[in-house]
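Remarks on the overall topology
So the chains spell out like this:
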Amino acid sequence: MTSYTPPVGQQQEPRRSRPLWLRSLITTVCIIAVLFVIELIDAATRYDLDQNGIVARDVDGLDGILWAPMLHADWQHLLANLMPGAVLCFLVLMTRRFLIVTAIVWIVSGLGVWLFAAPYSPTVGASGIIFGWLTFLIVRGLFNRDLWQILGGAVLFLIYGSILWGVLPSDPLVSWQAHLFGAIAGVLAAWFLASRDHKQRKRTVTPGVAS
């Protein structure tokens, strides 16, 4: 059997993958688009979707942990989360740790709301995720002992650090529980990933041979 090999001038060049920053940007835009579509549907149904949020201490409301970050009370609520959420989403995507960080923050923040919010009160919104992304980016350099990550975290703290006051009870209409447990989850994610990476590096190091 013979195979045809095209002349050198006609050979196809291997497809180059998009750079990380572009993939992160596209993913961020897609996430924002999904949130807008969900809010359109929510508004069209007179915000019936918000009933699928987290209902504290109600077993039937436990599955709201899955849906609450994708739902918002109204357009103002969504837009308030949009700018910091988009920036932090992009930056976490750039770390290549988006899925695991977001999963940890999503679950821990949601459980914190379900356990500690006012009984049978519904909670929706992505702010818990945003707080988790922020604290992860701020502290990960400390766990990784990486100077550039520490400097990046310091810059982020100067820009967005003031929103961390949201972990304290203030407005009864704002879920400080989501903020607090989201922030705690971001630190946990940074610690967990740094610890896991350290163990993996130790396993891949081959001991030298003495002579």
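Below you will find a few notes about this structure. Numbers given for residues are sequential positions, taken from 1 along each chain in its written order. Predicted model: local features are reported for residues with pLDDT of at least 70 only, side-chain atom pairs are reported and counted for 80 or more only, and whole-chain, interface and lining totals are derived from all residues. As a rule here, side-chain values come from all non-hydrogen atoms in the structure, and water together with hydrogens is ignored.

**Things to note about the overall build of the chain**
- Within the chain, the regular secondary structure consists of 7 helices and 2 strands.
- The linear arrangement of helices and strands in the chain, starting from the amino end, is α-β-α-α-α-β-α-α-α.
- Working definition: with a 1.4 Å probe on protein chains only, accessible area under 20% of the residue-type maximum means buried, over 50% means exposed, and in between means partly exposed. A burial count over the chain gives 38% of its 211 residues as buried.
- Residue pairs at least 24 apart in sequence account for 78% of intrachain contacts in the chain once pairs closer than 6 positions are excluded. Each helix corresponds to a stretch of at least 4 residues labelled H or I by DSSP, and each strand to a stretch of at least 2 residues labelled E; elements are numbered beginning at the N terminus. Note on contacts: a residue pair qualifies if any of its non-hydrogen atoms lie within 4.5 Å across the two residues.

**Remarks on the packing of aromatic side chains**
- When the centres of two rings from Phe, Tyr and Trp lie within 6.5 Å, Trp using its six-membered ring, the rings pair. Their planes under 30 degrees apart give stacked, over 60 give edge-to-face, and anything left gives tilted. Per the stated rule, a full pass over the model turns up 3 aromatic pairs.
- Look at Phe98 and Trp133: their rings are 5.7 Å apart centre to centre, the planes differ by 40 degrees, and that puts the pair in the tilted class. With Phe98 in helix α4 (residues 98–116) and Trp133 in helix α5 (residues 127–144), this pair connects stretches of sequence that are 35 residues apart.
- With a relative accessible area of 14%, Phe98 lands in the buried category.
- Here Phe116 and Phe181 contribute two aromatic rings whose centre-to-centre distance is 5.3 Å and whose plane-to-plane angle is 5 degrees, an arrangement assigned as stacked. Here Phe116, found in helix α4, pairs with Phe181, found in helix α7 (residues 176–204); they are 65 residues apart in sequence, far enough to count as distant.
- Its relative accessible area of 18% is what places Phe181 among the buried residues.

**A look at the nonpolar core**
- What we call a nonpolar core is a set of buried Ala, Val, Leu, Ile, Met, Phe, Trp, Tyr and Cys residues that are connected through their side-chain atoms within 4.5 Å. Core analysis: the largest hydrophobic core is formed by 25 residues, its most contacted members being Leu88, Val92, Val101, Trp133 and Phe136.
- When residues of this core are traced back to their parent elements, those giving at least two are α3 (75–94), α4, α5, α6 (147–160) and α7.
- Here the element with the most residues in this core is α5; it accounts for 9 residues.
- Apart from residues no more than four positions distant in its own chain, Trp133 is found in contact with Gly85, Leu88, Cys89, Val92, Phe98, Val101 and Thr102.
- Residues Ile65, Val113, Ala117 and Ala178 belong to the second largest nonpolar core, which totals 8 residues.

**Remarks on α6**
- Multiply 1.5 Å by the residue count of a helix minus one, and that product is the helix's expected span. Over its 14 residues, α6 runs 20 Å from end to end, which matches the ideal 20 Å to within 8%, given 1.5 Å per residue.
- For α6, the complete set of buried residues consists of Gln149, Gly153, Leu156 and Tyr160. Buried positions in α6, seen along its axis, are confined to an arc of 60 degrees and lie on one side of it. Across α6 from its buried face, at more than 90 degrees, point the exposed residues Leu147, Trp148 and Leu158.
- Those residues of α6 hidden inside the fold are in contact with α3 and α5.
- One side-chain oxygen at the N-terminal end of α6 lies 3.0 Å from the backbone nitrogen of Trp148; it belongs to Asp146. What the arc covers is the set of directions going from the helix axis to the C-beta atoms. As used in this structure description, the phrase polar contact means that two N or O atoms lie within 3.5 Å; if the pair is within protein, one of them must be able to donate a hydrogen and the other to accept it, and residues adjacent in sequence are counted only when both atoms belong to side chains.

**Let's talk about unusual backbone geometry**
- Even without being glycine, Arg46 reaches a positive phi, approximately 55 degrees.
- Checked against the element boundaries, Arg46 lands in the loop between α1 (20–44) and β1 (54–55).
- Of note, Arg96 is a non-glycine position whose phi angle comes to about 65 degrees, a positive value.
- Here Arg96 shows up in the loop between α3 and α4.

**Topic: the pattern of salt bridges**
- A side-chain nitrogen of Lys or Arg and a carboxyl oxygen of Asp or Glu constitute a salt bridge if their distance falls within 4 Å. Scanning all chains against the criterion turns up 2 salt bridges.
- Through salt bridges with shared partners, one network takes in Arg97, Arg196 and Asp197.

**Side note on the side chain of Asn81**
- With respect to the element layout, Asn81 can be found in helix α3.
- Other than its neighbours up to four places away in sequence, Asn81 contacts His72, Ala126, Ser127 and Ile130.

Everything listed is a geometric property; what it means functionally is a separate question.
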